[in-house]
Amino acid sequence: MAKPVVDQELCIGCEICADLCPEVFEIRDGKSHVIGPDKCSSCDCQEAVDSCPTSAIDFEED
């Protein structure tokens, strides 16, 4: 199963992903962090990926 990952170098901490998927993403120290990689069933992680203005979020296979 694919899990979301955040490229810390690209992330600008805009909070869109955390707003869309608060059980999956959290903003800490001005950057997004994946806190619940297995919780994409509770939200639309693909929308978070597609909405990221810097394309910092992607999916990684286990």
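Our structure is the block above this text.
A. Examining empty space enclosed by the protein more closely. Tallied over the entire structure, the rule returns one cavity of 30 Å³ or more. Estimated volume of the largest cavity: approximately 70 Å³. In this structure, the largest cavity is lined by 14 residues; those nearest its centre are Cys 11, Cys 14, Cys 17, Cys 52 and Ile 57. In terms of residue class, the lining of the largest cavity is made up of ten nonpolar, three polar and one charged.

B. Highlighting the state of the cysteines. Considering all chains together, one arrives at two disulfides under this definition. The residue that forms a disulfide with Cys 21 is Cys 43, at a sulfur-sulfur distance of 2.3 Å. The chirality of the disulfide connecting Cys 21 with Cys 43 is right-handed, given an S-S dihedral of about 110°. Placement of Cys 21 in the loop between α1 (16–20) and β2 (25–28) and of Cys 43 in the loop between β3 (31–34) and α2 (45–51) is noted, with a sequence separation of 22 residues between them. Since its relative accessible area comes to 0%, Cys 21 is described here as buried. Paired by a disulfide, Cys 40 and Cys 45 hold their sulfur atoms 2.0 Å apart. One disulfide, between Cys 40 and Cys 45, carries an S-S torsion of -90° and so falls in the left-handed class. Shown here for the protein chain is a disulfide pattern of 1-3, 2-4, where each number marks a bonded cysteine counted in sequence order. For Cys 52, which is in no disulfide, the shortest distance to another cysteine sulfur is to Cys 14 and amounts to 5.7 Å.

Calculation rules
Residues numbered from 1 in each chain as written. Predicted model: local features only at pLDDT ≥ 70, side-chain atom pairs only at ≥ 80, totals over all residues. Heavy atoms only, no water. 1 Å grid on protein atoms, 1.4 Å probe; cavity = no way out; pocket = protein on both sides within 12 Å on 5 of 7 lines; lining within 4 Å. Points joined across faces, edges and corners; volume = space filled by probe spheres on them. Nonpolar A, V, L, I, M, F, W, Y, C, P; charged D, E, K, R; others polar. Disulfide = S-S within 2.5 Å. Helix = DSSP H or I, 4+ residues; strand = E, 2+ residues; numbered from the N terminus. Buried < 20%, exposed > 50% of the residue type's maximum accessible area, 1.4 Å probe, protein only.

The analysis is restricted to geometry; functional conclusions fall outside its scope.
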